[in-house]
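Survey of secondary and tertiary structure
What follows is each chain in one-letter form.
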Amino acid sequence: MQFVDKAFARRLESVEEMPQVFYARAFQKTRPEIGAAEEEICGGHMIFAGLGSPIGRATGAGLDRPFTPEDLNRIEQFYRKHKAPSQVDLCPLHSPEVFEMFKERGYAIAELNNVLCRKLDGDEKFPAPPNHCTIRRSPPEEAELTGSIVETAFFPDGAPEPFRGLIAPLYQMQGALAFVATVGGKPVACGAGLLIPQHKVYALCGAGTLGDYRGRGLQTALLRARLAAAVAAGCEYAVVVTQGGSQSQRNVERLGFRVAYSKVTVIKQFSS
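Before going into details, it helps to say that this report is about the structure given with it.

1. Some thoughts on the overall build of the protein
- Secondary structure assignment for the protein yields 6 helices and 11 strands.
- Taken over the C-alpha atoms alone, the protein extends approximately 55 × 45 × 30 Å along its principal axes.
- Going through the 272 residues of the protein one by one, you find that 54% of them count as buried.
- Looking at the protein as shown, the accessible area adds up to about 13000 Å², and 52% of this sits on carbon and sulfur atoms.
- Between the mean site of the 31 positive side-chain charges and the mean site of the 29 negative ones, the protein shows a separation of 3 Å.

So, in structure tokens, the structure goes:
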């Protein structure tokens, strides 16, 4: 795997930065009541996509230029304006001085995730899916269907409001590549992703399998289909962000993904 320096980390961080930017822009048009917003900050972006939403952090900042107290002031002003906690993604390539700055401001760890990547070979061929299933591209008119698969997979008793309807906007984003797995003609699993051409990476996301169909190799087949599409689009790396020890991480590691680094999301709550 390529040596991870700041320049490479900047490319990898784009897989969480750019989808959030596009979500904010989509919500500005389709859900104006949320007040979604995105702004550039220190080489990255800060995003707000609604209170309680899993989307909405400052990501990609401070990797191609110094991260200063003035930058952090801007981030905090941005989130104060939206009455939301300030959340920022940091990785090991940020300098110790940056971590100390956040510590002094009273930030705490909100999440710890692994960033995994896989080099893509333009001549690579991927195995066909198992005979018991069909893997195909998922058209925009299936967005609600695949969204329900993902929500059911993660929230069998019903997704909380901030987590609903997050797959459909992905289909409208430039560079989106979504696939669905069918068994007996029934869509039972899906996997999506986003091409980020300026960094030549493919961001894997939006995967889920209905409970009765797990353990049949469907996500492995969907991963291979997405990797093949990423190769065809000229991407150099496929990247996914997962929680350590998760089934998602085990799935991608079987296909050659390796942990590039672990990252933290730090958070600061503001008093009202």
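Next comes the rest of the account.
2. Notes on the environment of Y171
- With respect to the element layout, Y171 can be found in the loop between α4 (143-154) and β7 (179-183).
- Residue Y171 is classed as buried on the basis of its relative accessible area of 12%.
- Expressed as a C-alpha distance, the spacing of Y171 and V201, which sit 30 residues apart in the sequence, is 18 Å.
- Contact partners of Y171, with chain neighbours within four places excluded, come to S138, P139, P140, E142, A143, T146, A176 and A178.

3. Topic: the packing of aromatic side chains
- Evaluated as defined, the whole model comprises 6 aromatic pairs.
- Their ring planes at 90 degrees and their centres at 5.6 Å tell us that F67 and F102 sit as a pair that is edge-to-face. Highlighted residues: F67 in the loop between β3 (58-59) and α2 (69-81) and F102 in helix α3 (residues 96-104), separated in sequence by 35 residues.
- A residue is classified by how much of its surface remains accessible, and F67, at 9% relative accessible area, is buried.
- Against the face of F27 rests R31, its NZ or CZ located 5.1 Å from the ring centre.
- Residue placement shows R137 over the ring face of F179; its charged tip is 5.6 Å from the ring centre.

4. Quick notes on unusual backbone geometry
- In this structure, C42 takes a positive phi of about 50 degrees despite not being glycine.
- Within the fold, C42 resides in the loop between β1 (37-41) and β2 (44-48).
- At K83, a position not held by glycine, the phi torsion is positive, near 55 degrees.
- Note on K83: relative accessible area 71%, which makes it exposed.

5. So, the pattern of salt bridges
- Taken as a whole and judged by the stated rule, the model has 16 salt bridges.
- Of the charged contacts in the structure, one is a salt bridge between K263 and E13, with a shortest N-O distance of 2.8 Å. One end of the pair, K263, is in strand β11 (residues 258-268); the other, E13, is in helix α1 (residues 6-30), and 250 residues separate them in sequence.
- K263 gets classed as buried once you look at its relative accessible area, which sits at 2%.
- With a closest N to O distance of 3.5 Å, E76 and K268 form a salt bridge. In this pair, E76 sits in helix α2 while K268 sits in strand β11, placing the two residues 192 residues apart along the sequence. For the pair formed by E76 and K268, the shared burial category is buried.

6. Observations concerning the environment of E16
- By the secondary structure assignment, E16 is in helix α1.
- For E16, a relative accessible area of 19% gives the class buried.
- Sequence separation of E16 and E97 is 81 residues, and the distance between their C-alpha atoms is 23 Å.
- Looking at E16, its side chain comes within polar contact range of the side chain of K263, at 2.8 Å.

7. Focus: the environment of I149
- Looking at where I149 falls in the secondary structure, it is placed in helix α4.
- Along the primary structure I149 and T209 are separated by 60 residues, whereas in three dimensions their C-alpha atoms are 6.5 Å apart.
- Apart from the residues within four sequence positions on either side, I149 is in contact with P187, V188, A189, C190, G208, T209 and L210.

8. Regarding the side chain of T265
- Structurally, T265 is set in strand β11.
- Excluding residues within four positions of it along the chain, T265 makes contact with R57, Q87, V88, D89, A108, I109, A110 and E111.

9. What to know about the nonpolar core
- Membership of the largest hydrophobic core comes to 68 residues, with the highest contact counts inside it found for L12, I135, L218, V239, F257 and Y261.
- If you look at the next biggest cluster of nonpolar residues, it comprises 22 residues, including C42, F48, Y79 and F270.

10. What to know about the side chain of R10
- Along the chain, the position of R10 falls in helix α1.
- Within the local environment of R10, its side chain forms a polar contact with the side chain of E17, the two groups lying 2.7 Å apart.
- Residues contacting R10, with those up to four places away along its chain left out, are E17, G43, G44, G60, L63 and H199.

Parameters at a glance
- Residues numbered from 1 in each chain as written.
- Predicted model: local features only at pLDDT ≥ 70, side-chain atom pairs only at ≥ 80, totals over all residues.
- Heavy atoms only, no water.
- Helix = DSSP H or I, 4+ residues; strand = E, 2+ residues; numbered from the N terminus.
- Buried < 20%, exposed > 50% of the residue type's maximum accessible area, 1.4 Å probe, protein only.
- Areas by Shrake-Rupley, 256 points an atom, 1.4 Å probe, with all protein chains shown as cover.
- Lys, Arg positive; Asp, Glu negative; His and termini not counted.
- Charge placed at Lys NZ, Arg CZ, Asp CG, Glu CD.
- Contact = heavy atoms within 4.5 Å.
- Phe/Tyr/Trp six-rings, centres within 6.5 Å; stacked < 30°, edge-to-face > 60°.
- Lys NZ or Arg CZ within 6 Å of the ring centre and 35° of its normal.
- Salt bridge = Lys/Arg side-chain N within 4 Å of Asp/Glu carboxyl O.
- Polar contact = N/O pair within 3.5 Å; in protein donor to acceptor, adjacent residues only side chain to side chain.
- Core = buried A, V, L, I, M, F, W, Y, C linked by side-chain atoms within 4.5 Å.

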